[in-house]
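# Structural overview
Here are the chains, one letter per residue:
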Amino acid sequence: MTPFPPPLLFTEPWEYELRFPRDPRGPGIVRATLHAVLTAHGLRELVERAALLTSELTTNSVRYSDSCASVRLLWLHPVLRVSVTDTNPELPEPLKPSPELDSGRGLFILDVLADRWGGCALGEEPFGLGGKTLWFELSWGGPPPVPAPALAA
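Fair warning: this is a prediction, and the values are worked out from it, not measured in the lab.

## Brief notes about the overall build of the protein chain
The secondary structure content of the protein chain amounts to 3 helices and 5 strands. Counting from the amino terminus, the protein chain carries its helices and strands in the arrangement β-α-α-β-β-α-β-β. Evaluated residue by residue, the protein chain yields a buried proportion of 34% over its 153 residues. A fraction of 66% describes how many contacts in the protein chain between residues 6 or more apart in sequence connect residues 24 or more apart.

## Describing helix α2 (residues 44-64)
Spanning 21 residues, α2 covers 30 Å between terminal C-alpha atoms, matching the ideal 30 Å at 1.5 Å per step. Taken as a whole, α2 carries its principal kink of about 30° at Ala 50. Those residues of α2 that fall on the buried side of the exposure criterion are Leu 46, Val 47, Ala 50, Ala 51, Leu 53, Thr 54, Ser 55, Leu 57, Thr 58, Ser 61 and Val 62.

## Digging into the packing of aromatic side chains
On inspection of all chains with the given rule, the structure shows 4 aromatic pairs. Measuring from ring centre to ring centre gives 5.3 Å for Trp 14 and Tyr 16, while their planes differ by 70°; the resulting arrangement is edge-to-face. Positioned over the ring face of Trp 135 is Arg 81, at 3.8 Å from the centre of the ring.

## A closer look at the pattern of salt bridges
Here the structure, examined in full by the defined rule, presents 6 salt bridges. Linking Arg 81 and Glu 137 is a salt bridge whose minimum nitrogen-to-oxygen distance equals 2.8 Å. You can see Arg 81 sitting in strand β3 (residues 79-86) and its partner Glu 137 sitting in strand β5 (residues 131-139), a full 56 residues away along the chain. With a closest N to O distance of 2.9 Å, Lys 132 and Asp 86 form a salt bridge. Here the residue Lys 132 occupies a position in strand β5, and Asp 86 occupies one in strand β3, the gap between them amounting to 46 residues. The class of Lys 132 is buried, set by a relative accessible area of 6%. Overall, the relative accessible area of 6% leaves Asp 86 in the buried class. Connected through shared salt-bridge partners, Arg 81, Arg 116 and Glu 137 make up one network.

## What to know about the packing of helix α1 (residues 26-40) against α2
For any two helices packed against each other, the geometry is given by the interaxial angle and the distance between the axes. As a packed pair, α1 and α2 sit with axes 9 Å apart at the nearest point and diverge in direction by 155°. Here α2 runs roughly antiparallel to α1, going by the angle between their axes. In this structure, the crossing between α1 and α2 has a hand that is right-handed. Counting all contacts with α1, which are made through Pro 27, Val 30, Arg 31, Leu 34, His 35, Leu 38 and Thr 39, the residues of α2 involved are Arg 44, Leu 46, Val 47, Ala 50, Ala 51, Thr 54, Ser 55, Thr 58, Thr 59 and Val 62. For the contact of α1 with α2, the per-class residue count stands at 9 nonpolar, 6 polar and 2 charged.

## Structural notes on helix α3 (residues 106-113)
For α3, every residue scored as buried is listed here: Gly 106, Leu 107 and Leu 110. Angularly, the buried residues of α3 cover 95° about the axis, an arc narrow enough to put them on a single face.

Procedures and definitions
- Residues numbered from 1 in each chain as written.
- Predicted model: local features only at pLDDT ≥ 70, side-chain atom pairs only at ≥ 80, totals over all residues.
- Heavy atoms only, no water.
- Helix = DSSP H or I, 4+ residues; strand = E, 2+ residues; numbered from the N terminus.
- Buried < 20%, exposed > 50% of the residue type's maximum accessible area, 1.4 Å probe, protein only.
- Contact = heavy atoms within 4.5 Å.
- Expected span 1.5 Å × (residues − 1).
- Bend = angle between axes of the 7 residues up to and from the residue.
- Phe/Tyr/Trp six-rings, centres within 6.5 Å; stacked < 30°, edge-to-face > 60°.
- Lys NZ or Arg CZ within 6 Å of the ring centre and 35° of its normal.
- Salt bridge = Lys/Arg side-chain N within 4 Å of Asp/Glu carboxyl O.
- Axes fitted to C-alpha atoms, helices over the stretch in contact; angles between N-to-C directions.
- Parallel < 35°, antiparallel > 145°, perpendicular 65-115°, else oblique.
- Left-handed = near helix turned anticlockwise from the far one by under 90°.
- Nonpolar A, V, L, I, M, F, W, Y, C, P; charged D, E, K, R; others polar.
- Arc of directions from axis to C-beta.

In structure tokens, the structure reads:
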């Protein structure tokens, strides 16, 4: 039996990616996964903001794209970058929230809570699929956490 490698140090980079279907349950599954990953890596301080912002982006993917989407978590100490990619090539326009609007607050929330954010359209793929990626970054402001024990599967 091959022994497991030691857990990554807090400052070492890591990346996770999850594809999810165009299904209203998708954003909740992504939030639960994000919570598990960030908690396991000692980034509890970022969970609430990351979950809210990821929920906004994944909900829009389910609502406005016509196929599956993906979310990518990338840690490059001290920055967490979350990217959501879907098949809708239209980049959303930031709106100022008002009481008359039932929707359209997602980019305003990104502006307020993310340290940085942006997006880009993706070129057409060989089989006609294109899309976009929207991303945000959150910076870690505290000391390295006490490492949690790694669990074997």
